Amino acid sequence: NTDSILENIIIGKIKRRTSSSKVLEELKDVLGMKVIPKRIEAFDNSNIQGDSAVAGMVCFIDGKPAKKKFRRFHIRTVKGIDDFKSMKEVVFRRYSRIKEEAKPLPDLILIDGGKGQLSAAKKSLDRLGLNNITVIGLAKKLEEVFIPSSSHPQNISKGSPALYLLRKIRDEAHRYAIEFHRQK
């Protein structure tokens, strides 16, 4: 019985690893990326009527959360409610520090929001000279994926495992930011 259980555990791990790599390969294809997005970082802001604004960043490696790499940010320079400026600040702070410390950059950056939040994040990346990193926005209502070079959402099937993974990552960033906001 023990041998049978161990064999099932090993088979399950192999299947998960294989399916995860297939989803990442699909994500690479639907977003037109040059590399498979092994490291994905996602951002979300949280505030109540502009009060105690914070942001959260989550990191997924090979499609799985790397919780020790999650980060929290107090919004320092933005007064009131301004999701765009908050996103711009947080993305700039995150990647200026990563550049300074020569730490690994993500293959894909996911922004919780539509074209406005995406544009703000892209401005910070451009300012840092990191325009080679793929950055996308995922809007909640219709689960639309936006890229900087297009004003229209990408055509990704709603049943796509790649879109499911993006939603899972975005939802984790949202949960993480709200949890931090509640603590603050």
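Owing to the predicted nature of the structure, the values given are computational and were not obtained by experimental measurement. (Residues numbered from 1 in each chain as written. Predicted model: local features only at pLDDT ≥ 70, side-chain atom pairs only at ≥ 80, totals over all residues. Heavy atoms only, no water.)

(A) Representation of the nonpolar core in the model. Phe-43, Val-91, Tyr-95, Ile-109, Ile-111 and Leu-125 are the most contacted members of the largest nonpolar core, which has 25 residues in total. Looking at this core, the elements with two or more residues in it are strand E2 (51-61), helix H2 (83-101), strand E5 (108-112), helix H3 (115-127) and strand E6 (134-139). A per-element tally of this core places H2 first, with 5 residues. Filtering out sequence-adjacent residues up to four positions away, Ile-109 remains in contact with Glu-41, Phe-43, Tyr-95, Leu-125, Ile-133, Thr-134, Val-135 and Ile-136. (Core = buried A, V, L, I, M, F, W, Y, C linked by side-chain atoms within 4.5 Å. Buried < 20%, exposed > 50% of the residue type's maximum accessible area, 1.4 Å probe, protein only. Helix = DSSP H or I, 4+ residues; strand = E, 2+ residues; numbered from the N terminus. Contact = heavy atoms within 4.5 Å.)

(B) Representation of the confidence of the model for the chain within the structure. Of the residues in the chain, 93% reach a pLDDT of 70 or more, and the chain-wide mean stands at 87. Of all secondary-structure elements in the chain, the lowest mean pLDDT belongs to helix H1 (residues 2-31), at 76, while E5 reaches the highest, 96. (pLDDT = per-residue confidence, 0-100.)

(C) Structural detail: the packing of H2 against H3. Viewed as axis vectors pointing N to C, H2 and H3 meet at an angle of 35°, and their least axial separation amounts to 8 Å. As for how H2 packs across H3, the hand of that crossing is right-handed. Where H2 approaches H3, its residues Asp-83, Phe-84, Met-87, Lys-88, Val-91, Phe-92 and Tyr-95 are matched on the opposing element by Gly-116, Gln-117, Ala-120, Ala-121, Lys-123, Ser-124, Leu-125 and Arg-127. Residues of the contact of H2 with H3, tallied by class, amount to 8 nonpolar, 3 polar and 4 charged. (Axes fitted to C-alpha atoms, helices over the stretch in contact; angles between N-to-C directions. Left-handed = near helix turned anticlockwise from the far one by under 90°. Nonpolar A, V, L, I, M, F, W, Y, C, P; charged D, E, K, R; others polar.)

(D) Focus on the pattern of salt bridges. For the coordinates displayed, the defined rule picks out 16 salt bridges. A salt bridge links Glu-172 to Arg-175, with the shortest nitrogen-to-oxygen separation between them at 2.6 Å. In this pair, Glu-172 and Arg-175 are both assigned in helix H4 (residues 161-183), 3 residues apart and thus about one turn of the helix distant. You can call Glu-172 buried: its relative accessible area is 15%. Glu-179 serves as the salt-bridge partner of Arg-175, at 2.8 Å between the closest nitrogen and oxygen. Of this pair, Arg-175 and Glu-179 both sit in helix H4, 4 residues apart, roughly one helical turn. Assessed through its relative accessible area of 29%, Glu-179 is described here as partly exposed. (Salt bridge = Lys/Arg side-chain N within 4 Å of Asp/Glu carboxyl O.)

(E) Seen up close, the environment of Met-87. One can find Met-87 in helix H2. When its relative accessible area of 1% is taken as the criterion, Met-87 is described as buried. Placed 75 residues apart in sequence, Met-87 and Ala-162 show a C-alpha to C-alpha distance of 24 Å. In this view, Met-87 contacts Phe-43, Asp-44, Asn-45, Ile-111, Asp-112, Gln-117 and Ala-121; residues no more than four positions away in its chain are not counted.

(F) Expanded view of H2. Relative to the 27 Å expected for 19 residues at 1.5 Å per residue, H2 spans 27 Å between its end C-alpha atoms, a close match to the ideal helical length. Within H2, burial applies to Ser-86, Met-87, Glu-89, Val-90, Val-91, Arg-94, Tyr-95 and Ile-98. Two residues or fewer past H2, Ala-102 is found with a positive phi of approximately 55°. (Expected span 1.5 Å × (residues − 1).)

(G) A look at a positive patch on the surface. On the surface, Lys-85, Lys-88, Lys-123 and Arg-127 cluster together into a patch of positive charge. Secondary structure elements with two or more residues in the positive patch: H2 and H3. Tracing the chain through its elements places Lys-85 in helix H2. (Patch = residues over 30% accessible without salt bridge, like charges linked within 9 Å, V, L, I, M, F, W, Y side chains within 5 Å. Areas by Shrake-Rupley, 256 points an atom, 1.4 Å probe, with all protein chains shown as cover. Lys, Arg positive; Asp, Glu negative; His and termini not counted. Charge placed at Lys NZ, Arg CZ, Asp CG, Glu CD.)

(H) Here's a closer look at unusual backbone geometry. The backbone of Ala-102 sits at a positive phi, close to 55°, despite the residue not being glycine. Here Ala-102 is to be found in the loop between H2 and E5. The exposure class of Ala-102 is exposed, given its relative accessible area of 69%. A positive phi angle is found at Glu-143, which is not glycine, with a value near 55°.

(I) Molecular detail of the pairing of E6. Burial analysis of E6 places 5 of its 6 residues in the buried class, the great majority of the element. For E5 and E6, the ladder comprises 5 bridges, and the chain directions are parallel. Across the sheet, residue Asp-112 finds its bridge partner in E6, namely Leu-138. Handedness of the crossover joining E5 and E6 through H3 is recorded here as right-handed. (Pairing = 2+ DSSP bridges. Right-handed = clockwise from strand over helix to strand, strands pointing away.)

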